[in-house]
Amino acid sequence: MRRHSDIGLALRLLARDWRARELTLVALAVVVAVASVTTVDFFTDRVYQALSRQANQLLGADLVVTGDRPLGDAFEGEAGRRGLQVTRMLRFPSMTAIENRNVLSEVKVVSAGYPLRGELRIADAPYQPDRRATAIPEPGTVWVDEKLYTRLQLQDGDAVEVGNSRLKVAAIITQEPDSAVGFINAGPRVLLNEADIAATGLVQIGSRVRYRVQVAGPPAAVDAYRIWVNARLEPGQRVESIEDARPEIRSALDRAGRFLALSTLLSVILAAVAVALATRRFLQRHLDACAVMRCLGASQGRVVRLYLLQFVALGCVASLIGCLIGWGAQHALALWLGGLVTVALPGAGVMPAVQGFVTGLALLLGFALPPLTALGRVSPLRVLRRDIGAPKGMGALGYVLGAAVISALVLWKAGELKTGLLVLAGFAGALLVAALVSWMVIVAVSQLRGGGVSWRFGIANLRRRRLASMLQVMALGTGVMALLTLTIIRGELLQLWQGSLPSDAPNRFIVNIQKDQVPALERFFAAQGIGMPELYPMVRARLLQINERPVAPTDFTDDRARRLVDREFNLSWATHMQKDNSIVAGSWWNDANGKSAQRTDQFSMEDGIARALGIKLGDVLTFDSAGSTFAAEVTSLRKVDWDSFNVNFFVVAPPGLLEKQPVSYVTSFYLPPGNVALLNALVKQFPNFLLIDVAQVLGQVKMMIEQVSKAVQFVFLFTLLAGLVVLYAAIASSHDERLYQATIMRALGASRAQLARATLAEFAVIGALAGLIAAAGANALGYVLAQRVMNIGYGFSFTVWAVGVVCSIVGIVIAGHLGTRQALQVSPLRVLRQLA
Amino acid sequence: MAQLTKQVTTGESELTILRDVSFTVAAGEAVAVVGASGSGKSTLLGLLAGLDTPTSGTVHLDGQDIYALDEDGRAALRAERLGFVFQSFNLLPAMTALENVMLPLELSGADDVTATARAMLKRVGLGERLTHYPKQLSGGEQQRVAIARAFVTRPSLLLADEPTGNLDVATGAGVIDLMFELNRERGATLILVTHDTALSQRCGRVLQLAAGMLQ
């Protein structure tokens with residue numbers, strides 16, 4: 001009965017406190033925390049998924065099962081049973097002919113429904129406006145690309161010979177969704193309907209045919225299907241996804257994910273600080289209320305229970321509002337990004353809301369519980385003697401539970417233990433340093449003699465409330481840091497990231513350039529007015545042994561490792577490491593002076609591939625290239641920035657090891673859009689070249705960077721809000737005391753000008769300290785983000801320090817002045833009566 | 001009240017605030033405790049109300065030894081039988097006048113909380129100011145609200161600590177009249193701590209406290 005009535009009473013007390021605006025700040029802090037967490041979760045849940053799905057357009061499907069023998073009906077049947085969309089495809093090289101002209105081309109045989117993702121675009125004739133294909137070629141017809149059309153010198157209405165069949169050319173392919181995946185499709189394209197394949201007689205035992213089953217559907221269903229397929233793959237069969245096919249995309253997706261995760265962490269930490277400050281203020285202001293309630297006969301337990309119920313109710317309502325805002329925000333975001341994300345966004349799940357709700361309650365109770373339980377111990381004697389202060393447990397110790405809650409949230413939101421611990425350790429270290437520095441500065445400044453009475457009074461305030469001043473400096477520093485990160489660092493980082501992929505990033509690769517063709521190629525580029533791009537030597541070789549132990553695909557369980565061993569590696573040699581590479585273990589062969597080591601039997605290996613194959617530093621690898629073998633020791637592991645779109649190699653040797661092997665050259669260059677004539681001329685002059693078009697992949701990565709940048713801006717809006725709440729809460733935390741003190745001073749005869757100068761002195765010191773801490777924090781955060789998340793160089797930012805310190809002093813002095821202005825304008829008696 | 005002693009330790013020395021204070025107050029009596037600042041008046045009042053614990057001695061209320069009860073037991077006793085009026089009013093700033101008066105009724109789970117509190121405020125002459133917050137009321141009005149809050153639960157013992165300490169003479173006199181009136185109406189016992197001689201003379205008995213001892 002009592003418990004029941006307590007709930008009602010707690011709700012009434014809550015309503016009264018709410019009406020008196022005692023709880024606005026606490027509620028606002030929780031709402032912002034929950035809204036930012038939920039919005040970011042919705043991002044991960046929806047937009048990130050959409051980005052992955054959009055990337056899958058480059059595959060033409062969400063998942064592809066491929067094999068070198070017919071795949072049977074099982075894969076297709078199971079996909080159908082699971083309600084997924086399915087199409088079949090065959091790919092193989094074959095001669096395409098008309099009269100006496102013939103060209104080796106890449107034949108793609110498709111079933112109705114192709115492509116499941118992305119766009120297939122066709123035109124009626126070369127260089128005519130194209131349109132989206134709504135079906136596949138009619139039986140008896142083929143679609144060919146411009147390369148084949150030009151090389152076979154086709155005319156409108158011609159029919160080409162494909163195997164035993166003559167098929168009419170009905171359209172020109174201008175864009176295929178899946179053209180960029182792998183080197184295999186470098187030849188001119190012929191697309192035909194699967195109904196015609198039997199008549200061509202091209203698919204026979206021994207034909208080099210790749211069979212593919214392509215699947216698309218809801219992400220969860222596709223993931224479940226992937227697990228089902230993986231358990232049933234036979235030798236020669238594998239599952240392809242875009243991440244396997246294009247490392248650039250995986251790299252960009254990873255960055256996007258990490259950037260968003262770190263943004264959430266920042267919002268959570270800021271919101272936690274805001275909640276802590278706001279709760280502390282609320283509880284400080286309710287010491288008297290507790291004493292009165294105890295005096296009126298409420299037991300300790302009852303007082304705690306009443307406030308606990310209030311906070312739980314407040315936490316629930318504020319968290320719910322935060323969830324609703326988060327839900328609304330992600331809808332707004334979906335609309336906003338709608339024009340950029342070309343696939344339909346997957347629906348919003350319930351989990352982000354549940355997680356946001358739990359986060360809000362955990363944050364509020366984590367910071368409120370220790371001081372709340374201490375509130376019960378407020379001496380009722382306080383009603384008689386105001387000098388009895390707050391009970392123990394409301395000080396630093398009270399924040400232990402709160403800190404534990406933040407740590408748990410950070411570890412949870414970081415997604416992986418290492419990043420979480422790193423962020424926590426960084427944050428704790430930064431706080432410690434900031435606390436030490438501000439403590440020392442406050443002590444040092446308070447030793448300064450001289451200056452007028454106002455300066456001395458202002459500085460004396462700092463010294464007298466040393467701990468409170470220090471906490472205030474740190475809270476303000478955190479708030480200003482958020483603002484700096486939001487405005488300057490974010491801009492600089494995103495610009496760097498976008499700049500890492502310039503508008504003329506290479507979009508075409510040329511493979512198979514022979515040594516004697518290099519001078520002719522140079523002349524060709526010169527004639528076109530394009531600078532000769534850098535050529536990289538390339539040796540194709542098969543990995544035979546690791547530490548003299550033969551390797552076979554069956555040695556590995558990992559699908560990627562199997563494929564790597566099954567195919568030929570591309571090796572290269574270089575004196576200097578490429579700029580978009582960085583050493584993660586061992587060392588590169590030339591020293592700081594650029595002097596090369598004498599030893600030539602060394603390999604530098606890409607970190608990811610080394611991990612997939614279980615290769616460590618010091619392992620000796622033996623390769624076979626066209627019958628001759630060579631071996632060398634792995635002396636370094638490199639991280640490769642795949643989304644730089646430069647030519648890169650898994651295995652690199654120093655000069656002197658590979659030159660004797662059959663060598664060809666590879667290069668990449670930027671072809672302005674629409675310059676098809678150059679491509680045709682190139683193919684005509686160098687028929688043996690393999691030209692690889694990565695423009696689509698490049699476009700996709702650029703678009704992802706743009707989308708993620710926008711998403712990050714959106715998320716940072718909440719971080720900004722959290723930062724502002726922190727700033728407000730920090731200023732408000734000492735408001736009552738300042739007001740009281742200023743009023744007493746006025747009663748004692750201090751002039752308004754003297755008081756204004758004292759406030760100015762105190763807030764200027766606080767502002768300068770907070771600005772310094774904020775600039776250091778923001779600069780360090782920018783550095784960590786650049787290094788760990790974006791792999792770009794970022795150093796000391798003068799702007800951050802200058803803007804940080806100046807704006808912090810000006811902003812905090814103005815805010816502080818506005819806060820205490822009341823004391824200067826109303827009569828001292830009135831203020832004293834209000835505060836009594 | 002028997003041999004009440006209160007000592008506090010400050011640093012290394014021990015300070016005796018009350019020493020062997022004993023007296024009895026009959027039901028319905030009005031007693032003033034007077035003395036200079038620091039004589040131990042407020043400490044005595046805190047001990048009478050069970051807000052603090054004595055170093056030795058005890059307090060009996062209607063035969064009940066209040067220090068035989070634990071803190072929650074004393075809280076229940078306060079809720080049932082005690083009313084307070086303080087020098088600094090101690091109204092809750094987030095609540096209106098009406099809500100401040102409702103609070104003790106709400107805490108005790110009484111019925112007709114709003115009607116009772118409204119009637120009480122009307123009785124102290126603040127029927128028109130129910131929805132005003134403490135900061136919108138004058139000092140005298142605030143003390144009237146505090147008196148209404150003290151009497152609304154019909155306590156058998158009213159404890160007042162310098163009730164006019166924060167008020168000018170005229171306002172203070174009005175407040176005191178009201179307090180005595182209500183005390184008579186409701187037949188409550190009144191223990192009043194003050195250093196105002198005029199006020200103390202309105203009580204039936206005056207106890208003089210000096211250096212922690214009754215004179």
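Residues numbered from 1 in each chain as written. Chains lettered and ligands numbered in written order. Predicted model: local features only at pLDDT ≥ 70, side-chain atom pairs only at ≥ 80, totals over all residues.

Peer 1: Requested: an account of the pairing of strand β3 (residues 30-34) of chain B, with residues and values cited.
Peer 2: Residues and elements named next belong to chain B. Most of β3 is tucked away, with 4 of its 5 residues classed as buried. Pairing between β3 and strand β9 (residues 189-194): 5 bridges, direction parallel. Counterpart to A32 in the pairing with β9 is L192. Bridge analysis of β3 against strand β10 (residues 205-210) gives 4 bridges, and the strand direction is parallel. Within β10, the position partnered with A32 by the bridge is V206. (Buried ≥ 20, exposed ≤ 12 C-beta atoms within 10 Å, placed from the backbone. Helix = DSSP H or I, 4+ residues; strand = E, 2+ residues; numbered from the N terminus. Pairing = 2+ DSSP bridges.)

Peer 1: Hey, could you go over the sheet that holds β3 of chain B for me, with residue numbers and the actual values?
Peer 2: Strand order across the open sheet formed by 6 strands is β7-β8-β9-β3-β10-β11 (chain B), with mixed pairing between neighbours. The two strands at the open ends of the sheet, each matched to only one other strand, are β7 (82-85) and β11 (213-214) of chain B.

Peer 1: Account for unusual backbone geometry, naming residues and giving values.
Peer 2: Cis rather than trans, the peptide bond between Y114 of chain A and P115 of chain A has omega equal to -5°. Among the structural elements, P115 of chain A can be located in the loop between β3 (101-110) and β4 (121-123). Despite not being glycine, D62 of chain B has its phi angle at roughly 50°, a positive value. Counting through the fold element by element, D62 of chain B comes out in the loop between β5 (60-61) and β6 (64-65). Residue classification places D62 of chain B among the exposed residues on the basis of 11 C-beta atoms within 10 Å.

Peer 1: Tell me about the interface of chain B and chain A, residues and numbers included.
Peer 2: By a frequent convention, interface size equals the accessible area lost on bringing the separate parts together. The interface of chain B with chain A comprises 27 residues on the first partner and 26 residues on the second. Of all the secondary-structure elements, those providing two or more residues to the side of chain B that touches chain A are α1 (41-48), α2 (71-81) and α3 (97-107) of chain B. Take the side of chain B that touches chain A: its biggest share by element is 6 residues, from α2 of chain B. Residues that form the side of chain B that touches chain A fall into these classes: 13 nonpolar, 6 polar and 8 charged. (Contact = placed C-beta atoms within 7 Å. Nonpolar A, V, L, I, M, F, W, Y, C, P; charged D, E, K, R; others polar.)

Peer 1: So what's going on with the confidence of the model for chain A? Residues and values would help.
Peer 2: All names here are of chain A. Looking at chain A as a whole, the pLDDT averages 79, with 83% of positions reaching at least 70. Confidence scores differ between elements of chain A, with helix α24 (residues 828-835) showing the lowest mean pLDDT of 59 and strand β6 (residues 141-145) the highest of 92. The model gives residues 181-185 a pLDDT under 50, and that stretch makes 10 contacts with residues more than four places away or in other chains. (pLDDT = per-residue confidence, 0-100.)

Peer 1: Before we move on, can you summarise the nonpolar core with the specific residues and values?
Peer 2: Burial of nonpolar side chains together is a common tendency in soluble globular proteins. Residues and elements named next belong to chain A. In terms of nonpolar packing, the biggest core is built from 187 residues, with A29, V32, A33, A274 and V275 touching the most fellow members. In this structure, this core is formed jointly by two domains, domain 1 (1-57 + 250-415) and domain 3 (430-502 + 694-836), each of which donates at least three residues. Grouped together as the second largest cluster of nonpolar side chains are 35 residues, Y536, M538, L543 and L613 included. (Core = buried A, V, L, I, M, F, W, Y, C linked by C-beta atoms within 7 Å. Domains from an automatic or database assignment.)

Peer 1: Would you mind going over helix α4 (residues 113-123) of chain B in detail, with residue names and values included?
Peer 2: Helical geometry note: an α-helix holds 3.6 residues per turn, so side chains three or four residues apart project in the same direction. Residue and element names in this part refer to chain B. Those residues of α4 not exposed but buried are V113, A117, M120 and L121. In an axial view of α4, the angular spread of the buried residues amounts to 100°, which keeps them on one side of the axis. Looking at the buried residues of α4, the elements they touch are α3 and α5 (139-151). One or two residues past the end of α4 sits G125, with phi positive at roughly 85°. (Arc of directions from axis to C-beta.)

Peer 1: Could you give an account of the confidence of the model for chain B, with specific residues and numbers?
Peer 2: All names here are of chain B. Per-residue confidence for chain B averages 85 on the pLDDT scale, and 97% of its residues sit at or above 70. Within chain B, no element has a lower average pLDDT than strand β1 (residues 2-10), which sits at 70, and none a higher one than α4, at 91. This prediction of the complex comes with two scores: 0.67 for pTM and 0.84 for ipTM.

Peer 1: Can you tell me about the packing of α3 of chain B against α5 of chain B, naming the residues and giving the values?
Peer 2: Residue and element names in this part refer to chain B. Relative to each other, α3 and α5 sit at 25°, their axes nearing to 8 Å. Taken together, the axes of α3 and α5 lie roughly parallel to each other. Considering how the two elements wind past one another, α3 and α5 form a crossing that is right-handed. Between α3 and α5, the contacting residues are A97, N100, V101 and P104 on the first element and V145, A148 and R149 on the second. (Axes fitted to C-alpha atoms, helices over the stretch in contact; angles between N-to-C directions. Parallel < 35°, antiparallel > 145°, perpendicular 65-115°, else oblique. Left-handed = near helix turned anticlockwise from the far one by under 90°.)

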